[in-house]
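# Structure assessment
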Amino acid sequence: SQQGEEDPQALSIQEGENATMNCSYKTSINNLQWYRQNSGRGLVHLILIRSNEREKHSGRLRVTLDTSKKSSSLLITASRAADTASYFCATVTNTGNQFYFGTGTSLTVIP
Amino acid sequence: DAGITQSPRYKITETGRQVTLMCHQTWSHSYMFWYRQDLGHGLRLIYYSAAADITDKGEVPDGYVVSRSKTENFPLTLESATRSQTSVYFCALSGGSGTGELFFGEGSRLTVL
């Protein structure tokens, strides 16, 4: 399988704390993306980081990418109850326009 | 404007029956994808299409058929449904070169009895 792996599988934190989730992948990539999925809904794009970038910010989100280790991390700062969702990383290959998703991290933010 | 619409949202069928899940977009994005989501497996790509009349297999294409005669529609057909095809199916779109952001539909939950 070319899927990535998210770690941890589940994460529970208090509101206001930071949440960090990690993604490891296997192949060379064009870019890596993070998505959020609320229960029973479709996935929503959060942020994209290209293979030649090391860090990217968007609001309370910070993404890092280490292509030598084939890994990425997503940091959500000052978490809110509304951040409760599953988070997925997706790697995009250089050929074939295929997106490979990880198995996801389930984040619960306790008010 | 929903942009991307999947139908039906819920479907129960029996083993051996043919089922078609429809994906319709009101935008003009070139790339369309079908994924299935199962616990423990995340999302797995079934088929994708770069343009009308151009389709290609993903990770798990067996038992599925797709077509794309029009840019806006990308139906997924299970020719003879099996219990292992019970899943939530998501259609997604991507514009440009197809390596950017994916836009997802709300999903079609299929149960095969």
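Residues numbered from 1 in each chain as written. Chains lettered and ligands numbered in written order. Predicted model: local features only at pLDDT ≥ 70, side-chain atom pairs only at ≥ 80, totals over all residues. Heavy atoms only, no water.

### Observations concerning the interface of chain A and chain B
Bring the parts together and some accessible area is lost; that lost area is often taken as the interface size. The interface of chain A with chain B comprises 24 residues on the first partner and 26 residues on the second. Counting each side, the surface lost to burial between chain A and chain B is near 1,800 Å², with a carbon and sulfur contribution of 50%. Viewed at the interface, chain B and chain A are joined by one salt bridge. Here A:Arg41 and B:Glu106 are joined by a salt bridge, their closest N and O atoms 2.5 Å apart. Where chain A packs against chain B, one counts five residue pairs in polar contact (both at pLDDT 80 or more). When the residues that make up the side of chain A that touches chain B are grouped by side-chain class, the tally is eight nonpolar, 15 polar and one charged. (Contact = heavy atoms within 4.5 Å. Buried area = accessible area lost by both parts, 1.4 Å probe. Salt bridge = Lys/Arg side-chain N within 4 Å of Asp/Glu carboxyl O. Polar contact = N/O pair within 3.5 Å; in protein donor to acceptor, adjacent residues only side chain to side chain. Nonpolar A, V, L, I, M, F, W, Y, C, P; charged D, E, K, R; others polar.)

### Describing the packing of aromatic side chains
In this structure the tally under the stated criterion is twelve aromatic pairs over all chains. Judged by centre distance (5.4 Å) and plane angle (80°), the ring pair of A:Phe99 and B:Phe33 falls under edge-to-face. Within this pair, whereas A:Phe99 is found in strand S10 (residues 99-101), its partner B:Phe33 is found in strand S4 (residues 31-38), the two belonging to separate chains. Take A:Phe99 and B:Phe33: they sit in the same class, and that class is buried. (Phe/Tyr/Trp six-rings, centres within 6.5 Å; stacked < 30°, edge-to-face > 60°. Helix = DSSP H or I, 4+ residues; strand = E, 2+ residues; numbered from the N terminus. Buried < 20%, exposed > 50% of the residue type's maximum accessible area, 1.4 Å probe, protein only.)

### Remarks on the sheet that holds strand S7 (residues 61-66) of chain A
Residues and elements named next belong to chain A. Pairing in this open sheet of five strands is antiparallel, and the strands run S1-S3-S8-S7-S6 from one edge to the other. In this open sheet, the two edge strands, each paired with only one partner strand, are strand S1 (5-7) and strand S6 (55-58). Direction aside, the axes of adjacent strands within the sheet are offset by 15° on average. The sheet contact formed by S7 and strand S8 (residues 71-76) spans six bridges and is antiparallel. Counterpart to Val63 in the pairing with S8 is Leu74. (Pairing = 2+ DSSP bridges. Axes fitted to C-alpha atoms, helices over the stretch in contact; angles between N-to-C directions.)

### Details of the layout of surface pockets
Of the pockets and cavities examined, the largest pocket occupies roughly 470 Å³. For the largest pocket, the lining is made up of 21 residues, of which A:Gln37, A:Ser86, A:Phe88, B:Gln37 and B:Leu39 are closest to its centre. Counting residues per element, the ones that place at least two in the lining of the largest pocket are strand S9 (85-92) and strand S11 (105-110) of chain A together with S4 and strand S9 (87-94) of chain B. For the lining of the largest pocket, the class distribution of residues is five nonpolar, 14 polar and two charged. Its boundaries defined by the atoms lining it, the second largest pocket holds a volume of some 150 Å³. (1 Å grid on protein atoms, 1.4 Å probe; cavity = no way out; pocket = protein on both sides within 12 Å on 5 of 7 lines; lining within 4 Å. Points joined across faces, edges and corners; volume = space filled by probe spheres on them.)

### Quick look at the state of the cysteines
Residue and element names in this part refer to chain A. Applying the stated rule across the entire model yields two disulfides over all chains. Two residues, Cys23 and Cys89, share a disulfide whose sulfurs are 2.0 Å apart. Note on the Cys23 and Cys89 pair: the S-S dihedral is about 65°, so by sign convention the disulfide is right-handed. Of this pair, Cys23 sits in strand S3 (residues 19-24) while Cys89 is found in strand S9, placing the two residues 66 residues apart along the sequence. For the pair Cys23 and Cys89, one class covers both residues: buried. (Disulfide = S-S within 2.5 Å.)

### Topic: the pattern of salt bridges
If you walk through the whole model with that rule in mind, you get seven salt bridges over all chains. Here A:Arg60 makes a salt bridge to A:Asp83, at a shortest N to O gap of 2.9 Å. With A:Arg60 in the loop between S6 and S7 and A:Asp83 in the loop between S8 and S9, this pair connects stretches of sequence that are 23 residues apart. A:Asp83 sits in the buried class, given a relative accessible area of 7%. Note that B:Arg36 is salt-bridged to B:Asp38, the shortest N-O span being 2.8 Å. Just as B:Arg36 is buried, B:Asp38 falls in that class too. Through salt bridges with shared partners, a single network forms among A:Arg36, A:Arg60 and A:Asp83.

### Points about the side chain of A:Gln33
Mapped onto the elements of the fold, A:Gln33 is located in strand S4 (residues 31-37). At 3.0 Å, the side chain of A:Gln33 forms a polar contact with the side chain of A:Asn31. Once residues lying within four places of it in the same chain are set aside, the contact partners of A:Gln33 are A:His45, A:Ile47, A:Leu48, A:Phe88, A:Cys89, A:Ala90, A:Val92, A:Phe99, B:Thr99, B:Gly100, B:Glu101 and B:Leu102.

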